[in-house]
Every structure is written in C-alpha cells, then in structure tokens.
Amino acid sequence: MINSLSHLPHPSADNPTLASHFTDLAPPLTARQAMVESARCLYCYDAPCVNACPSEIDIPSFIRNIHQDNVQGAAVKILSANILGGSCARVCPTEVLCQQACVRNNQQECAPVLIGLLQRYALDHAEFNGHPFQRAPSTGKRVAVVGAGPAGLSCAHRLAWHGHDVVIFEAQAKAGGLNEYGIAKYKLVDDFAQHELDFLLEIGGIEIRHGQKLGDNLSLGELQQQFDAVFLGLGLAASRQLGLPDEQAPGLLAATDYIRELRQADDLSALPLADHCIVLGAGNTAIDMAVQMARLGAHDVNLVYRRGVEDMGATAHEQHIAKENQVRLLTWAQPEQVLLDEQGQVRGMRFARTHLVEGRLQTTGETFELAADAIFKAIGQGFDGSALSDAQATQLARDGERIRVDEQLRTSLPGVYAGGDCTHAGQDLTVQAVQHGKLAAEAIHADLMLTVEAA
Amino acid sequence: MADLSIEFAGIKAPNPFWLASAPPTDKAYNVVRAFQAGWGGVVWKTLGEDPAAVNVSSRYSAHYGANREVMGINNIELITDRSLEINLREITQVKKDWPDRALIVSLMVPCVEESWKAILPLVEATGADGIELNFGCPHGMPERGMGAAVGQVPEYVEQVTRWCKTYCSLPVIVKLTPNITDIRQSARAAQRGGADAVSLINTINSITSVDLERMIALPIVGQASTHGGYCGSAVKPIALNMVAEIARDPATQGLPISGIGGIGSWRDAAEFMALGCGAVQVCTAAMLHGFRIVEDMKDGLSRWMDSQGYQRIEDFAGRAVGHTTDWKYLDINYQVIAKIDQAACIGCGRCHIACEDTSHQAIANQKLADGSHRYEVVDAECVGCNLCQITCPVEDCIEMVAQDTGKPFLDWLHDPRNPYREAV
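None of the values given here were measured: they were computed from a predicted structure.

Calculation rules
Residue positions within a chain follow its written sequence, with the count starting from 1. As they are written, the chains are lettered A onward and the ligands numbered 1 onward, keeping that order. The model is predicted, so local features are restricted to residues of pLDDT at least 70 and side-chain atom pairs to those at 80 or more, both for listing and for counting; the totals for chains, interfaces and linings are taken over all residues. To obtain the side-chain values, all non-hydrogen atoms of the structure were used and water was disregarded. For each domain, the first and last residues come from an automatic or database assignment. Two strands pair under a simple rule: DSSP has to find at least two bridges between them. Numbering of helices and strands runs from the N terminus, with a helix taken as a DSSP run of H or I at least four residues long and a strand as a DSSP run of E at least two residues long. Lines are fitted to the C-alpha atoms to define the axes, a helix being fitted only along its stretch in contact, and any angle between axes, read from their N-to-C directions, falls within 0 to 180 degrees. Should any heavy atoms of two residues lie within 4.5 Å, those residues are counted as being in contact. By nonpolar core we mean a set of buried residues, namely Ala, Val, Leu, Ile, Met, Phe, Trp, Tyr and Cys, connected to one another through side-chain atoms within 4.5 Å. Here the term buried applies to any residue with accessible area under 20% of the maximum for its type, exposed to any over 50%, and partly exposed to those in between, with areas from a 1.4 Å probe on protein chains only. Here, a salt bridge means any Lys or Arg side-chain nitrogen found within 4 Å of an Asp or Glu carboxyl oxygen. Any N or O atom pair separated by 3.5 Å or less is treated as a polar contact, with the protein-specific requirement of one donor-capable and one acceptor-capable atom, and with residues adjacent in sequence counted only for side-chain atom pairs. Each residue gets one label: Ala, Val, Leu, Ile, Met, Phe, Trp, Tyr, Cys and Pro are nonpolar, Asp, Glu, Lys and Arg are charged, and the others, such as Gly, are polar. For patches, a residue must show more than 30% relative accessible area and have no salt bridge; joins then use 9 Å for like charges and 5 Å for nonpolar side chains, namely Val, Leu, Ile, Met, Phe, Trp and Tyr. Throughout, the Shrake-Rupley method with a 1.4 Å probe supplies accessible areas, and for residues the shown protein chains are the sole cover considered.

### As for the domain arrangement of chain B
Domain parsing of chain B yields domain 1 (6–315) and domain 2 (327–414). Put simply, the middle of domain 1 of chain B and the middle of domain 2 of chain B, counted by C-alpha atoms, are 40 Å apart.

So, in structure tokens, the structure goes:
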C-alpha cells in the first residue's frame, strides 16, 4: 500500500518504545474519578447534551446510573441507543457535541461534565452474562448490508435484534470500517474495534462476507433479488486529488492510506518514517496523520491549509493535540507544485500564499517552498462512484456524488436504504453513521413488517 | 473586631464555640489540643459510675451526599469507658492549666438520688465550671434506665435536675433528647427542676444504611447492628426548630440555651444564636475535620458581626425568635412569584420539570431555534412555593419576588375563609 514511501527510512526507536507513543490519548477514568465526575452531572431535563448527541443517548440517565453504582444499567442504556457506544466514547469530537452542549460548559460552571470518558467507563466496566439484547423471534426476512463500517454494523445489529437475518458484504479483510482502518491509533487502542465487533455479533443472525465489493464482484441488482431489503453503508472510499502534475510521484500519497497501514502494523518500527513531512488539509484526519507521524519520530511536521485557523474542520481540541505534538500549523498557503529530486521522488512542495479578496480565496503572487520527504493528502474523502455501476445502482438518485436519502434513510429505489458518509444527511461522524444505521434498520423493519401484515 | 466572649448561665468563656460531650472530649490529651486550637470551652465526655462502660467495635456509620460528603454520622459509642478517678484527675489538671476556658462536665448516673448525691461533690471538687446532665443518649444507656430513658420523661428530668441543684453549687445545664414529640415539655421540666440552662439537641435515633450483601445495617458489630444516635449537618434543621420552640415558649422565656446539632461553620452558629442560643456546641464537624475549624468559625463570626455592627453575641442572639411564629399568624395575603435571571440561567431545565411534574405547571419550556431552551415563569400559575429556586443549581438565578398585592395583612385567625375564625 505504501510502496510510495519504500525509499524512506524507518523510525529509529524500537517497537515497544513506539507503541508507548500510541497508548490512550485520553486515559480512562478510574472508579474514583468516575464517581467524582458523575456527581457533577446536574441531571438536566430535556438535556442539551442529549439533543446534541446524534445517536440520542440518554446521557443524564446513564451518568446517574454510574453514580448510583449501576454500571450495567448505564451500559445497557448507552448500547440500546448506540451499539458502538464504546468507539464513539473514544472517537467522538465531544467538544463540539454533548460536552459543548453541557450546561456545565457555561462560563460560570468551570467545565463540562466529561461525558465521553464516563461513557467509556460504563462500557469498559459493565460485565454481561452473554449479549445484553435478546433477538426477537425470526421474521424470516433477509437483509443485505453493504459495508461493515459503523453505519452497516449498527444497521445489522438493530435488524438482527428485530429478528431479521443479515448478511454484511465487506470489501476489506476486517470489519469495522474507519474504526479499524481510519481512526488514529491512540484513539482506539488494544484492538478495540475488533473487540467491539465481536460483542456486536454476539446477538446472532449476522453473517459477514469479506472481499465483497459493490461495483466489482457484487451488484445492487443481485442483492435486491436475493434479499428483502438492502442497506448501503459504503462510506467515502476515494481520496480527493490535488490536481497537480507529479501527484503520483513516490513520496506523495493519501493520509488515509498511511493511517490504514499504521493501524494494521504489528511492528511500528517497520513503517516508513518521513522525518520532514507535509500534511495537506485541515480536518481531523489531517491532524491524526500529522500527530501520528510526529509520534513515530518525525522532527519536522508541517500541516498546511489554504485558509485560516478559524476555517479549519478540525476542532480546537484537535488543533491543540497537534500543537502539543510539535506539529506546525501553516495557514493561508495552497499547493502549487510538487518538487522532485533527481530520482523523481518528492523533495518538497511549493506553496502559493493566499488571501481573501471580497470573500474569495486568491493567491497573493507570493510563493514559498517547504522541504519534505513525504506529502500526505488529507483534503477530504470523496464518494467512490464506481460502486454504483450496475444497471440498478445507476438509477439511485444522488445529491452531488453521494446517495440521496429521505429522513427514514430510504433511497429512491424501493427496498434500498443508505446511511453514513455515503449520504449527505448530517455530519460525517462515526456517531452519525451509527444513528443512520439504527434509523435505517427501524425503517427497514417497519417497511418489512408492513408487507408481512399486508400479506 | 467584635468581642466573642460570653457569659453563659454564669459560665465565662473567651468565645461561644464549645466542644460537645463526645469522643473529641474523652480525655485530657484531646481537650488540651482543643484548647490549644482555640476552643472557648468543652463539655467533657460523660462521666458515670464505676465500673466504666465498655464499648464495642465498630461504632460509627455515615449518611453521604453525592460527592461522598458526610451529611450525618450515626454512633453507638457509650459514655466514657475510663474510670471516674482518671477522668476527675484529668479534669482537675486541665482546668488548672486552662483557667480562662469553660470546662463543663457531662454526667450520667442511675436515676436514684444516692447516685447523684455521691458523684456531684467529686465533680465540683475538680474546679469545673458547670455540669451538663446527659438525658439524651439514645443508644445503649437507655436500656439500663439512663440517658434518653430519663430525658423522655419530664418528671424524671425535673427530679434529677433538682437533685443536682440540691447537691451541687455549679451551674446545671440539662441536655435534652430530640427523641420526643414536644421538646418544650422537657425544657419546662428542666426549668421547674431549677436548671440554669438547657442544651440541645442530643443525637437522634437512627440507622444510616444497610450492607445489602451481608444484609446487616451499619455500623456492623459481628453479625448484627443496632440503632445509634444521628448527628452532623443533616440534623441541623431539626435542632434549629427545637431551639426555636423553646426560645419562643413563654414558659421558658429567658432560659439560656446552648445550641447543638450540625454546627460546622460560623454561619450555622450565628443561625442558632439568632434563634436564641447564647453559646453553641460542636462535635461532628470537628470529628470530620479536626479542631482547626474553630479558627475559621471565630474569624467568620466576628467578621460577620463587624459587618452588621454587632459588638457582642448578645447584640443579635435571639433576634430571629420574634419572627418565628405559628402558622396561623402568617400573612395569608403575602405573595411571592419566582423570577428567573435569564443571564444566569444555564438551561438545565430542573426548575421546569420539578414544577411541571410535581407542582403548579408555572415554568414554561420554550425550545429555541438553536436547540437550547428558555425557561420562563408563568406568573399567573406561580404560587411562590420556592421549589424552582431550591432545585436550581445556580445560586441567585431564581429570585422569589414579593408582589404588591395591595391587600392588608391578614392571618388565618381572621380570614373569612376560615370557618373557625375569631370574631372580629
């Protein structure tokens, strides 16, 4: 995957040392800390935190349960709304969701309740005798879910819960989607995505077939024929391009490609290290890339963005993490030319300085160069349209490149539903994808049972 | 700075903060540390007849708040488990070494004249400033006919008080048990017996919690538990009421009161004094934090007194008594309405749901475009119950505003809606 960087050296530290740089970014709460923190919750009514949670977890209730020594109850409360509550507790940008809305985030209240860490505490410490949710009697209905990311897994679990049989079709060797391949290593440690997957599958009635890719060895038409309903949780598989010459040169690649490799690496010291590197972009993926490279030992990590700090997609919290890891944030500069050495490998990048003229971004005419062993693109992910190439799939109505859905996550084709990043509904967040999967499953269930009653 | 010194029932002390008869005043070592820390006086842990009492292990349990702050402690410890001779010797020495501090000796012997006649001269010989009669201990001792078993029968209270006044020249403070229905009966009995003062409250019968694994209440002694005496901040409201009941009872008008029950701060002490106490006793707060708290209590009280222009305790002691009355004398025409300070409101919705579910549906919940809420009082529905203000986590966010109803003062005795109203 990263042949593009095969000419680079490896980190100088050994694997155990490097691994110690990728432990929990936010360490879990101890029992004592959970008690102190849960006592801070005011148990709001019609709570702002719940309204801010895309997956509608009853936060005041689960925190009260933690405080009243009912961790199991707290965990079930979370999981019944969000079966991937464990990974959401770790990867959610709570600073712009529940904790932003927390009434204790008010100036006079010092600081928001640490909702994310309390959620993790409940799920880390709950012990169940078997899976906490019982499947309903079999409906005899079969549903195909394409994509084993957060949206697909959430959908599959809710469907199985309702008594339907589910087959998940997944292109990759492992299920989990971005939780397995895309999130920074220090946010989901100890193979958490796979443990969570195992837990989710305990409900039964879910089969996962790997190496199955829509538009390649799988078509929507076939799925519609073989299943009673289809859910598309395709994600955004394509990395956006810069549109510059030499974009395929060794040393220039998508950040997501590198992160995927890093997440799967057993030996971090075998990864290529770009001692001087450039990360292009301003979202959380750009931050993840830059920080991880810094933690592998890179001395000079520059994150370059064509607009200002206030326009960055990464939250203030994420930007703070970058700064803490000695990542340099350069704003108002856009890529102009990939600079190559005599072997044709990346040696740096020339940037044009930018500014706003009457609200429009323009170059100032001034340029500068940054030396780099590698350049990582994190300028956004796009929908991989090749997935929707069969006769049925091409009929799906689209919003721009993504799949159009209504509020119940129904596409324009009867019996076909979609959710997560491949749609335009809501924010591109794990927690949003989980909610889509859950709502789509409810819609599928309602629609399927309607036909059962009618028949 | 204000002068905190007092003369209470003829007993002088440099400040009104005394340690109550309890484990902190069990022996010379503790009492000396207390005096070093600045306490104005101590009531030495209750002396009894030899052989001394024997205590069990364990002895205390607690009722906790959400942050594990102790709301109240329950104890099953008995009176002193040391010999009378040792206690008397230590009392004599401590009083000699600390002549300016109040040193009161708590006593509990069987309810027979000979017992009191025998012990009183021994105590008086120590040089102590007064005695306090322990008629309140609710655990253990009543099973032997002492403590609360005496305090719950006004005739016994009167009788024993009289014996003490007969066989002893020291001021007699009668400590009252709250485990009765009308505290005034006990206070009147003490006064009839010649008491120089009353002190209250002693501890309240209690069980704080149950170990649900072992199915035994706390504190656990072997395989069982027993009820104990409850103290600490949780009992303060009960104590304040009992103090006020005695202070405003015409029958005991002017009887000095030493306030006890959940006092942990200068403000607590000032409140007891406002309701008629000339001195206060502290125990639980010291047991939780050590003797050092007296420094903050003295400082806080004297600064508050300065801010109010009070030079001595008696300048404000009892000032709230006249404003404490029976329900029937309250102004039916008085009306307050809640007012929410929108700038201070953090939008938790607690006032709304409390009022909506359990009161008068007087706080409207308006969802704004940005997903936040605005909570507004519906004046026409608000009865001024204070519940919203109580449930609000932000101090001073909800104000109860007195309304100008234009109506004159009217109490229930004269209200036309009262079928038994007094003839005008």
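### Remarks on the sheet that holds strand β4 (residues 41–47) of chain B
Residues and elements named next belong to chain B. Read around the closed barrel, the eight strands follow the order β3-β4-β7-β8-β9-β10-β15-β16; overall the barrel is parallel. Ignoring which end each strand starts from, the neighbouring axes of this sheet average 25° apart. Pairing between strand β8 (residues 130–134) and strand β9 (residues 172–175): four bridges, direction parallel. Bridged to I131 within β9 is V172. The strands touched by helix α7 (residues 236–247) are β10 (197–200), β15 (257–260) and β16 (277–282); relative to β15, the strand with the most contacts, the crossing angle is about 165°.

### Here we look at the nonpolar core
If you look at the biggest cluster of nonpolar residues, it comprises 110 residues, and the most contacted ones within it are A:I59, A:F62 and A:L232. In terms of residue count, the dominant contributor to this core is helix α16 (residues 430–454) of chain A (eight residues). Setting aside residues up to four positions removed in sequence, A:F62 forms contacts with A:I57, A:A74, A:K77, A:I78, A:I115, A:L118 and A:Q119. Listed in part, the 91 residues of the second largest apolar core include B:I11, B:I173, B:A190 and B:Y310.

### Some thoughts on the interface of chain B and chain A
Chain B puts 17 residues into the contact, and the matching count from chain A is 13 residues. The interface formed by chain B and chain A includes zero salt bridges. Our enumeration of links across chain B and chain A arrives at four residue pairs in polar contact (both at pLDDT 80 or more). Looking at the side of chain B that touches chain A, the elements that each hand over two or more residues are α11 (350–358), β18 (363–367) and β19 (373–377) of chain B. For the side of chain B that touches chain A, the element with the most residues is α11(B), which contributes three residues. Here the side of chain B that touches chain A is built from residues that sort into eight nonpolar, seven polar and two charged.

### Remarks on a nonpolar patch on the surface
Residues and elements named next belong to chain B. A contiguous nonpolar surface patch, about 440 Å² in accessible area, is contributed by I207, V210, L212 and M215. Looking at the secondary structure, you find L212 in the loop between β12 (210–211) and β13 (216–217). When its relative accessible area of 61% is taken as the criterion, L212 is described as exposed.

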